[in-house]
Amino acid sequence: MADIADGAQVEVQGSGSKPYILKNTGGVYSCSCPAWRNQSIAIERRTCKHLRKVRGDAAEDARVGGSDASAPAKPAARNVRPKAGANTIVGAESDAATAPPLLLAHSWENDVDLTGWWMSEKLDGVRAYWDGKQFFSRQGNPFFAPDWFTAKLPDHPLDGELFGGRKKFQRTVSIVRRQDRSDDWKEVAFVIFDAPKLDAPFEERLAHCQRYVEDVAPPYAEWLEHQPCKGVTHLREELARVEGLGGEGLMLRKPGSRYESGRSHTLLKVKSFKDDEARVVGHAAGAGRHKGRLGALEVELRDGTRFSVGTGLSDQERENPPAVGTIITFRYQELSNDGVPRFPSYVGVRIDAAPFEPTTRRKRA
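What you see is a predicted model, and the numbers here were worked out from it, not measured in a lab. (Residues numbered from 1 in each chain as written. Predicted model: local features only at pLDDT ≥ 70, side-chain atom pairs only at ≥ 80, totals over all residues. Heavy atoms only, no water.)

Asks: Would you explain the overall build of the protein chain in this entry?
Replies: Broken down by element type, the protein chain carries eight helices and 19 strands. A total of 365 residues make up the protein chain; the buried ones form 48% of that total. The long-range fraction of contacts in the protein chain, counting pairs at least 24 apart against all pairs at least 6 apart in sequence, stands at 63%. With the model as given, the accessible surface of the protein chain reaches about 18,300 Å², and the carbon-plus-sulfur share is 49%. (Helix = DSSP H or I, 4+ residues; strand = E, 2+ residues; numbered from the N terminus. Buried < 20%, exposed > 50% of the residue type's maximum accessible area, 1.4 Å probe, protein only. Contact = heavy atoms within 4.5 Å. Areas by Shrake-Rupley, 256 points an atom, 1.4 Å probe, with all protein chains shown as cover.)

Put into structure tokens, the structure is as follows:
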């Protein structure tokens, strides 16, 4: 069967007058047909009869990791909570992918004295959980890293970040979402900052990660250095230094804390700008130098608030913008009195976020 070259597209005639457009963008295949768009699973897991017609059933089954997923998706479950102790994400994947038991952070609101806490750079990469055999995203979706990338990684879990460098978030995303285990992974490192299954205080877990990296020397793994915070002045100075280098912010770990599943006040993030996730609901045409391509993304928050994100997009992203239904990350300064993010700026596609529908529908700001 034929294939679609990276960056290329082909047309397939459907039942209507206009053909459907099939694309391969960084190893992620898409189709403009409703059957592909309306699946409530991660975009790299979607397929349809048009992709199968071009690439063949065997190639598509190997790519998405299962049989035909081209049937229209069932509506995502609403207001369904897993039983206590479960980590199943409802509505995130059609096969109910199990999310790894990750420790998640709260934002620091100047309400905690961070003196003595362990401070490290907040990496602008993709969170990854190594279960001893494979990498998984925050939502439980696999990352298809090459064997040479995972060489010498241990048979026990590690928590870390797939990191391609400061200001390279979108490039990192495009690499780790690929399913062809390409050589592009050589641009990425697995930066380790915790050993979830080690029953010990944080200091011992971090020392374990450091010894492992230094003794075993896995080719693409590093450990994340931490330093004790000396107070608010030290915190502000380090935040300014990291952000001046293009970093995203800081992470603070409470001394002696244990690893927990879910959000915990023993892990705090500190940034000058706030961030959030939104769902793309439309594309606004550009004007001036952007005439003929995207001007802004029309997006929606979980509470139904709609607004536009028109800055932070590269020329390439304006030519080929995130599809409707895609979850994006954006930065902003503060919320208005109406709950609308002020000065929002596009960061990138959020590949490890579950699809969502707004809890209410609010009028566009």
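Asks: Please explain the environment of Gly56 as it appears in this structure.
Replies: Locating Gly56 in the fold gives a position in the loop between α2 (49-55) and α3 (57-64). For the pair Gly56 and Ala2, spaced 54 residues apart in the sequence, the C-alpha separation amounts to 8.1 Å.

Asks: I keep staring at the sheet that holds strand β17 (residues 306-309) and nothing clicks. Help me out?
Replies: Pairing between the strands of a sheet comes from backbone hydrogen bonds, and it takes one of two forms, parallel or antiparallel. The five strands lie next to each other as β17-β16-β15-β18-β19, forming an open sheet whose pairing is antiparallel. In the strand order of this sheet, the two ends are held by β17 and β19 (345-349), each with one partner. Strand-to-strand, the axes of this sheet are offset by a mean angle of 45°, without reference to chain direction. Two elements, strand β18 (residues 327-332) and β19, share four bridges in a ladder whose sense is antiparallel. Counterpart to Thr329 in the pairing with β19 is Gly348. (Pairing = 2+ DSSP bridges. Axes fitted to C-alpha atoms, helices over the stretch in contact; angles between N-to-C directions.)

Asks: Help me out: how do you make sense of the nonpolar core in this one?
Replies: Soluble globular proteins tend to pack their nonpolar side chains together in the buried interior. Membership of the largest hydrophobic core comes to 40 residues, with the highest contact counts inside it found for Phe135, Phe143, Leu162 and Phe190. Among the elements that make up this core, the one with the highest residue count is helix α5 (residues 169-176) (four residues). (Core = buried A, V, L, I, M, F, W, Y, C linked by side-chain atoms within 4.5 Å.)

Asks: Which parts of the structure should I look at to understand the packing of aromatic side chains?
Replies: For the structure on display, the rule yields nine aromatic pairs. Pairing Trp148 with Tyr220 gives two aromatic rings, centres 5.3 Å apart and planes at 55°, and the pair type is tilted. Taken together, the residues span a long stretch of sequence, with Trp148 in helix α4 (residues 147-150) and Tyr220 in the loop between α6 (202-216) and β11 (221-223) at a distance of 72 residues. Their ring planes at 20° and their centres at 5.3 Å tell us that Phe149 and Tyr220 sit as a pair that is stacked. Taken together, the residues span a long stretch of sequence, with Phe149 in helix α4 and Tyr220 in the loop between α6 and β11 at a distance of 71 residues. When the ring centre of Tyr29 is taken as origin, the NZ or CZ atom of Arg55, which lies over that ring, is 4.1 Å away. When the ring centre of Trp148 is taken as reference, the NZ or CZ atom of Lys186 above it lies at 5.7 Å. (Phe/Tyr/Trp six-rings, centres within 6.5 Å; stacked < 30°, edge-to-face > 60°. Lys NZ or Arg CZ within 6 Å of the ring centre and 35° of its normal.)

Asks: Before we go on, may I ask you to explain α5 in this structure?
Replies: Side chains of residues three or four places apart in an α-helix project in the same direction, reflecting 3.6 residues per turn. Along α5, the positions that sit buried rather than exposed are Phe169, Thr172, Val173, Ile175 and Val176. Mapping the buried residues of α5 onto a view down its axis gives an arc of 165°, with all of them on the same face. (Arc of directions from axis to C-beta.)

Asks: Even after reading the chapter, I still don't get the pattern of salt bridges, so can you show me in this structure?
Replies: Proximity of charged atoms lets side chains of opposite charge pair with each other. Applying the stated criterion across every chain yields a total of 26 salt bridges. Here Asp124 and Arg331 are joined by a salt bridge, their closest N and O atoms 3.9 Å apart. Of this pair, Asp124 sits in the loop between β5 (118-122) and β6 (126-130) while Arg331 is found in strand β18, placing the two residues 207 residues apart along the sequence. Using a relative accessible area of 28% as the deciding quantity, one classes Arg331 as partly exposed. (Salt bridge = Lys/Arg side-chain N within 4 Å of Asp/Glu carboxyl O.)

Asks: Hey, could you run me through the environment of Phe136 in this one?
Replies: As for its position among the elements, Phe136 is in strand β7 (residues 135-136). The spatial distance from the C-alpha of Phe136 to the C-alpha of Pro100 is 7.4 Å, given a sequence separation of 36 residues. Every residue in contact with Phe136, bar those within four places of it in the chain, is listed here: Arg127, Ala128, Tyr129, Asp131, Asn141, Pro142 and Phe143.

Asks: I tried to follow the sheet that holds β5 on my own but got confused; where do I start?
Replies: Overall, mixed pairing links the five strands, which are arranged β4-β14-β13-β5-β12 in an open sheet. Both edges of this open sheet fall to β4 (103-107) and β12 (227-228), since each of them pairs with a single strand only.

Asks: Can you walk me through the side chain of Thr266 in this structure?
Replies: Positionally, Thr266 belongs in strand β14 (residues 262-270). Among the polar contacts listed, one links the side chain of Thr266 to the side chain of Ser264, at a separation of 2.8 Å. Excluding residues within four positions of it along the chain, Thr266 makes contact with Leu103, Trp117, Leu252, Arg253, Lys254, Ser257 and Glu260. (Polar contact = N/O pair within 3.5 Å; in protein donor to acceptor, adjacent residues only side chain to side chain.)

Asks: Would you explain unusual backbone geometry in this entry?
Replies: Excluding glycine, residues mostly have negative phi values, and the peptide bonds linking residues are mostly trans. With a phi close to 60°, Asn110 is a non-glycine residue in the positive phi region. For Asn110, a relative accessible area of 54% gives the class exposed. A positive phi angle, close to 50°, is found at Arg181, a residue other than glycine. With respect to the secondary-structure elements, Arg181 resides in the loop between α5 and β10 (189-194).

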